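Now for the letters of each chain:
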Amino acid sequence: MLLWRYKNSLLCLRTFIRQTAVAGVYGGQTESQSKPYTPRRAVMYVPGNDQKKIQKVTSLDLDCAVLDCEDGVAANKKEEARSTIRRALDECDFGLTECVVRVNSVTSGLMEDDLGEVLGAKRMPDTLMLPKVERPQDIDMFTKRLKEVLQGRQLETRPFLITYVESAMGLMNLRDVFKKTIDLQLKEQLYVLDGVVFGSDDFCADIGATRTADAKELLYARQKIVTCAKAFKLQAIDMVHIDLKDLEGIERQSLEGARMGFTGKQVIHPSHVPIVQRAFSPTQEQVAWAAELVEAFSKHTESGKGAFTFHGKMIDMPSVLQAKNILQLSANIGPTQG
Amino acid sequence: MLLWRYKNSLLCLRTFIRQTAVAGVYGGQTESQSKPYTPRRAVMYVPGNDQKKIQKVTSLDLDCAVLDCEDGVAANKKEEARSTIRRALDECDFGLTECVVRVNSVTSGLMEDDLGEVLGAKRMPDTLMLPKVERPQDIDMFTKRLKEVLQGRQLETRPFLITYVESAMGLMNLRDVFKKTIDLQLKEQLYVLDGVVFGSDDFCADIGATRTADAKELLYARQKIVTCAKAFKLQAIDMVHIDLKDLEGIERQSLEGARMGFTGKQVIHPSHVPIVQRAFSPTQEQVAWAAELVEAFSKHTESGKGAFTFHGKMIDMPSVLQAKNILQLSANIGPTQG
Amino acid sequence: MLLWRYKNSLLCLRTFIRQTAVAGVYGGQTESQSKPYTPRRAVMYVPGNDQKKIQKVTSLDLDCAVLDCEDGVAANKKEEARSTIRRALDECDFGLTECVVRVNSVTSGLMEDDLGEVLGAKRMPDTLMLPKVERPQDIDMFTKRLKEVLQGRQLETRPFLITYVESAMGLMNLRDVFKKTIDLQLKEQLYVLDGVVFGSDDFCADIGATRTADAKELLYARQKIVTCAKAFKLQAIDMVHIDLKDLEGIERQSLEGARMGFTGKQVIHPSHVPIVQRAFSPTQEQVAWAAELVEAFSKHTESGKGAFTFHGKMIDMPSVLQAKNILQLSANIGPTQG
């Protein structure tokens, strides 16, 4: 019960912070970002039409649960998925777990009804995921439809938006897609772009590649995605591990992804959640460094003197933001870790 | 003899399919492509001035023979190469082997005469290869010259065009080069862009890199080329293996290239052809998957019901196209495999 | 004494060559470059406020010494660094060692004073280094400030300019940054862009990556930097090795960097200089090839006959330039090697 209250207060904090202004993150404009850091170390999919699994996911100490309308749902179950998700949004308590809805892609012909039905719930999902983004125009169409659906609705908070790279075209156009999305975000104020997911299996099919254990064939794609994401201050969610029973491999690949700069990983089985979340957690050294830096920065701000130095070196704002993120992540995940 | 007829009928099929419309493959336009799949698992060079080797190449069960005007021909043999290739086009029977001519680069000062002389043959080459493309303007100049040479000629089929990446500039500009080529393809209707070749040795010289056995120094270049090629639905032909006597290494590198998404590999010795072609052939599992998928899609199209699902998952058109490519490749290479 | 004269004559040669015209290196324009090749195999930093270390660096047989105003200098020592560097420029004899000044970044608020004070010296630094470049606009601001500072001064030679990639944004925008820089170089005639440095540690912090021994997490960044640099005919300076005591590792990573196409490496301890410089030196085979090629080209130019061939193959100008660079590098480093 105590834990529960703690979780809720953090949830409120998260919501509160998200209200604050998010300014342009490229083009030379000054950044006055104060986006909260929502941990998405493990991102787990649940078929939107499976009420039982949705219920179960709320008990997993999972960062990010994705109620899926897309590939996890058979074509003749799409309507059932939409209505089940709509009910779950209003009736389930996800606690600290982020509640995400993945709609179908812009070109599927299904996205319009996904948005129309799912956003009929009283509670907005924390985050919307848009798969198979290939071109800036896809974001145009998504935004247009979202605007129609939200017409006349007062948003307490704007949901986060997370897009997918799942094709060669999507990877090639990633920078342009992000630019377009942030332009529309500033113009329409309907969402806050917060991350990108690497849909590795569809990507492999698209380029005709074969997944191998060390994923050498995906190195360019993974590192380009991290680079583009971080250039726009976005999270980057790594691929699914192919061999579900290979727990050691999952840990190895998670740690490797974290070392490359990914902030989390897709997961399709509950048993992988703790392994993956541990791999993407900051180490004790990182937390100590961050705490010291943030305290020094706070003192410096009070004193109001010139440039900020830490251990004799000038510190720029991205480092301070990075330190704050680590602390927020560390605080946020504290109660959920053994 | 029976085999021969079979080969010829496939050849006609290939020609027939190529006539069909090829629409824009980027920029959000609907794709109505029905390009045939011409296998180019092994792409072997023959000096254009060596009549004997040209004759021999037709007996190799080789996918793609390149009659070379460029680096394989000494500067004082260029004219001899042009006239020899012109005669070969009209007199040699290449059977199922694709007959390609590689002209000299736009900036060599030789391309104009290459095109003028070689395209004086009654038979058009199946494909033209343009090496050392660096910028969109190179495609402009090539297209302008090709238009002059083909002025007044009624083309039964448009030849394929395949370009090369052989420098840092060419790699950096690859996306822009493809866009420009497809624009000019739609405007002038002189060729059908179908692939790109990685000229790894010139590339290494240009960036000052040294080839190593595992080719780590080329990973970025290779994977960027695959990504750009596949974004435009083009074939990607991998580098030559450096050690000609290392047959095991050739097989290993071929398999690696195939796993990365390359569709074929350059070859400079006949003994490598079967090794390379085997490595770039679809496996039995892939063929079985493709056959099942295409049959299911065909049934679905007859029934006319909603979205197409296969094993409970929605299937998009790229997957169907991919499956068809595998079957076409499998059928096409069937008679040539032991 | 004799050696000293030799060094000075080379220095004059270097200065002389740099005067010659440098035309556009992209956009299809004819290149009429005759930039000299200034070796920067080892690039070593010295805190600008440390007069003793500056004095010592002139005795190291080092290619490139960087007198630092930036990260190597604490915030409250910036003014001391500027005045110390200014004096050193006029009073120290660097011999064959290139004398570089690294100013603070455009967004630091310190660059203006760095340039104002340091360029008050009678002797211009050979080269200016601009760290943390993220966008073309950064080059705009740098150039504007440099123009103000140099107003009314007659430059004997334009200094070289070397920029840094130290963030995801900087890597993503690298091509645009180079284009902008070369545009401004042609317009303002204030500097000659000559290279780029990979600031790997800041880059890792920015993308949230962790440095590992084999640097797999940096492969995309390193190879993209080499590609962009070489596309614009620039030098590419590789990352610092993380473990200062691991001399074997430094050699291994230097050799790997050289094989990837890097032309040099950052160094932070004098004991690493000879190891790194050896790794980035041309081999005897390369020197022999280059000498033979340049001689053949010279004979060919005298004879005035058609295309230039070497061992039966047509040779283009980049190869000749590459060979000349090797010879120049070899000659330049000759006296400094054991």
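Residues numbered from 1 in each chain as written. Chains lettered and ligands numbered in written order. Predicted model: local features only at pLDDT ≥ 70, side-chain atom pairs only at ≥ 80, totals over all residues. Heavy atoms only, no water.

**Student:** Explain the UniProt feature "binding site: Mg(2+)" (unreviewed entry) in chain A to me, please; I cannot follow it from the model alone.
**Tutor:** All names here are of chain A. Within this numbering scheme, the UniProt entry marks Asp202 as carrying the feature "binding site: Mg(2+)" (unreviewed entry). Counting through the fold element by element, Asp202 comes out in helix 8 (residues 200–207). For Asp202, a relative accessible area of 23% puts it in the partly exposed group. Setting aside chain neighbours within four positions, we find Asp202 in contact with Asp71, Lys132 and Glu166. (UniProt positions renumbered as here; feature names shortened; annotations may be inferred. Helix = DSSP H or I, 4+ residues; strand = E, 2+ residues; numbered from the N terminus. Buried < 20%, exposed > 50% of the residue type's maximum accessible area, 1.4 Å probe, protein only. Contact = heavy atoms within 4.5 Å.)

**Student:** Teacher, can you tell me more about the sheet that holds strand 6 (residues 192–198) of chain A here?
**Tutor:** The strands that make up a sheet are held in pairs by hydrogen bonds between backbone atoms, and each pair lies either parallel or antiparallel. All names here are of chain A. Taken together, 8 strands build a closed barrel; the order of strands is 1-2-3-4-5-6-7-8 and the barrel is parallel. Taking the axes of each pair of neighbouring strands and ignoring which way they run, one obtains an average angle of 30 degrees across the sheet. As paired elements, strand 1 (residues 42–47) and strand 8 (residues 264–267) share 3 bridges and run parallel to each other. By the bridge assignment for strand 8, Ala42 is matched with Lys265. (Pairing = 2+ DSSP bridges. Axes fitted to C-alpha atoms, helices over the stretch in contact; angles between N-to-C directions.)

**Student:** I'm lost on the pairing of strand 2 (residues 64–68) of chain A in this one. Help?
**Tutor:** Side chains on a regular strand alternate between the two faces of the sheet. All names here are of chain A. Here strand 2 lies mainly inside the structure; 5 of its 5 residues are buried. What you see with strand 2 is no split at all: Cys64, Val66 and Asp68 on one side and Ala65 and Leu67 on the other are buried throughout. Taken together, strand 1, helix 2 (residues 51–57) and strand 2 form a β-α-β motif whose crossover is right-handed. In this structure, strand 2 lies alongside strand 3 (residues 98–102), joined through 5 bridges in parallel fashion. Paired with Cys64 across the two strands is Glu98, which belongs to strand 3. Remark: the strand 2/helix 3 (residues 78–91)/strand 3 crossover connection has right-handed handedness. (Right-handed = clockwise from strand over helix to strand, strands pointing away.)

**Student:** Got a minute to help me understand the interface of chain A and chain B in this structure?
**Tutor:** Interface size is commonly expressed as the accessible area that is lost once the parts come together. Across the contact, 28 residues belong to chain A and 30 residues belong to chain B. Here chain A meets chain B over a buried area of about 2300 Å², counting both sides, of which 57% is carbon and sulfur. A per-residue breakdown of the area chain A buries against chain B is headed by Met172, Lys216 and Tyr220 of chain A, which together make up 30% of the total. The tally of links between chain A and chain B comes to 3 salt bridges. Residue Asp206 of chain A is joined to Lys233 of chain B by a salt bridge in which the shortest nitrogen-to-oxygen separation is 3.4 Å. Linking chain A with chain B are 9 residue pairs in polar contact (both at pLDDT 80 or more). (Buried area = accessible area lost by both parts, 1.4 Å probe. Salt bridge = Lys/Arg side-chain N within 4 Å of Asp/Glu carboxyl O. Polar contact = N/O pair within 3.5 Å; in protein donor to acceptor, adjacent residues only side chain to side chain.)

**Student:** I would appreciate a short explanation of the side chain of Thr212 of chain C in the present structure.
**Tutor:** By secondary structure assignment, the location of Thr212 of chain C is in the loop between helix 8 (200–207) and helix 9 (219–231). Within polar-contact distance, the side chain of Thr212 of chain C engages the side chain of Asp214 of chain C at 3.2 Å. Side-chain polar atoms of Thr212 of chain C contact the side chain of Glu217 of chain C, separated by 2.7 Å. With residues near it in sequence (within four places) discarded, Thr212 of chain C still touches Arg259 of chain A together with Glu217 and Ile242 of chain C.

**Student:** What is the right way to look at the pattern of salt bridges in this model?
**Tutor:** Pairs can form between side chains of opposite charge whenever their charged atoms are close. Using the criterion set out here, one finds 75 salt bridges over all chains in the structure. Here Glu166 of chain B makes a salt bridge to Lys132 of chain B, at a shortest N to O gap of 3.9 Å. In this pair, Glu166 of chain B sits in the loop between strand 5 (160–165) and helix 6 (168–172) while Lys132 of chain B sits in the loop between strand 4 (127–130) and helix 5 (136–150), placing the two residues 34 residues apart along the sequence. The exposure class of Glu166 of chain B is buried, given its relative accessible area of 7%. Several salt bridges converge on common partners, so that one network encompasses Asp68, Glu70, Asp71, Arg102, Lys132, Glu166 and Asp202 of chain A.

**Student:** Would you explain unusual backbone geometry in this entry?
**Tutor:** Phi is mostly negative for residues that are not glycine, and the peptide bonds are mostly trans. Positive phi, close to 60 degrees, is recorded for Lys233 of chain A, a residue that is not glycine. Positionally, Lys233 of chain A belongs in the loop between helix 9 (219–231) and strand 7 (235–238). Non-glycine residue Asp61 of chain C carries a positive phi angle of around 55 degrees. Secondary-structure assignment places Asp61 of chain C in the loop between helix 2 (51–57) and strand 2 (64–68). Look at Asp61 of chain C and you get partly exposed, because its relative accessible area is 34%.

**Student:** Even after reading the chapter, I still don't get the relation of the copies chain A and chain C, so can you show me in this structure?
**Tutor:** Superposition record for chain A on chain C: RMSD 0.1 Å, screw rotation 120 degrees, translation along axis 0.0 Å. In symmetry terms, the pair is related by a three-fold rotation axis. Using C-alpha coordinates, one finds that chain A approaches the rotation axis most closely at Tyr220 of chain A, a distance of 3.5 Å. Of the interface residues in chain A, just 7% have counterparts in chain C that sit at the interface too, so the contact is made through distinct surfaces. (Least-squares fit on C-alpha atoms with pLDDT ≥ 70 in both.)

**Student:** Is there a simple way to think about helix 7 (residues 174–188) of chain C in this case?
**Tutor:** Three or four residues apart is the spacing at which side chains of an α-helix point the same way, because the helix has 3.6 residues per turn. Residues and elements named next belong to chain C. In this model helix 7 runs 21 Å from its N-terminal to its C-terminal C-alpha over 15 residues, within 8% of the 21 Å that 1.5 Å per residue would give. Those residues of helix 7 lying buried are Leu174, Val177, Phe178, Thr181, Ile182, Leu184, Gln185 and Glu188. For helix 7, the angular spread of the buried residues around the axis is 165 degrees, confining them to a single face. For helix 7, the elements touching its buried residues are helix 5 (136–150), strand 5 (160–165), helix 6 (168–172), strand 6 (192–198) and helix 9. Gln189 sits one or two residues past helix 7 and shows a positive phi near 55 degrees. (Expected span 1.5 Å × (residues − 1). Arc of directions from axis to C-beta.)

**Student:** Even after reading the chapter, I still don't get the relation of the copies chain A and chain B, so can you show me in this structure?
**Tutor:** Put simply, the two copies of the chain differ by a rotation about an axis and a shift along that axis. The transformation that overlays chain A on chain B combines an axial shift of 0.0 Å with a rotation of 120 degrees, and the residual RMSD is 0.1 Å. With a heterologous cut-off of 20% or less, the 7% of interface residues of chain A that recur at the interface of chain B puts this contact in the heterologous class.

**Student:** Just to check I follow, could you spell out the sheet that holds strand 5 of chain B for this structure?
**Tutor:** Residue and element names in this part refer to chain B. Sheet architecture is closed into a barrel: 8 strands sit in the order 1-2-3-4-5-6-7-8, paired in parallel fashion. Sheet twist, expressed as the average angle between the axes of neighbouring strands with direction ignored, equals 30 degrees. In the sheet, strand 4 pairs with strand 5 via 4 bridges, with the strands oriented parallel. By the bridge assignment, Met129 is partnered in strand 5 with Ile162. Helix 5 contacts strand 4 and strand 5 of the sheet and is inclined by roughly 140 degrees relative to strand 4.

**Student:** Hey, could you run me through the packing of helix 5 (residues 136–150) of chain A against helix 7 (residues 174–188) of chain A in this one?
**Tutor:** Helices that pack against each other are described as a pair by the angle of their axes relative to one another and the distance between those axes. All names here are of chain A. The geometry of helix 5 relative to helix 7 is characterised by a closest axis approach of 8 Å and an angle of 25 degrees between their N-to-C directions. Viewed along their axes, helix 5 and helix 7 adopt a mutual orientation that is roughly parallel. Crossing handedness for the pair helix 5 and helix 7: right-handed. Along the contact surface, helix 5 presents Pro136, Ile139, Asp140, Thr143 and Lys147, while helix 7 presents Asp176, Val177, Lys180, Thr181, Leu184 and Glu188. (Parallel < 35°, antiparallel > 145°, perpendicular 65-115°, else oblique. Left-handed = near helix turned anticlockwise from the far one by under 90°.)

**Student:** Honestly, the interface of chain A and chain C in this entry has me stumped. Any pointers?
**Tutor:** Between chain A and chain C, the residue contacts involve 29 residues of the former and 28 residues of the latter. Each partner contributes to the roughly 2200 Å² buried at the junction of chain A and chain C, and carbon and sulfur atoms together form 58% of this total. Joining chain A to chain C, the criterion identifies 3 salt bridges. When the shortest N-O distance is used, the salt bridge between Lys216 of chain C and Glu256 of chain A registers 2.6 Å. There are 9 residue pairs in polar contact (both at pLDDT 80 or more) connecting chain A and chain C. Contributions of two or more residues to the side of chain A that touches chain C are made by helix 9, helix 10 (247–260) and strand 10 (313–314) of chain A. The element that contributes the greatest number of residues to the side of chain A that touches chain C is helix 9 of chain A, accounting for 9 residues.

**Student:** Just checking my understanding: could you explain the packing of helix 9 of chain A against helix 10 of chain A for this structure?
**Tutor:** All names here are of chain A. Packing of helix 9 against helix 10 leaves a shortest axis separation of 10 Å and a crossing angle of 45 degrees. Our classification of the angle between helix 9 and helix 10 gives oblique. Along the contact surface, helix 9 presents Leu219, Arg222, Gln223 and Val226, while helix 10 presents Gln253, Glu256, Gly257 and Met260.

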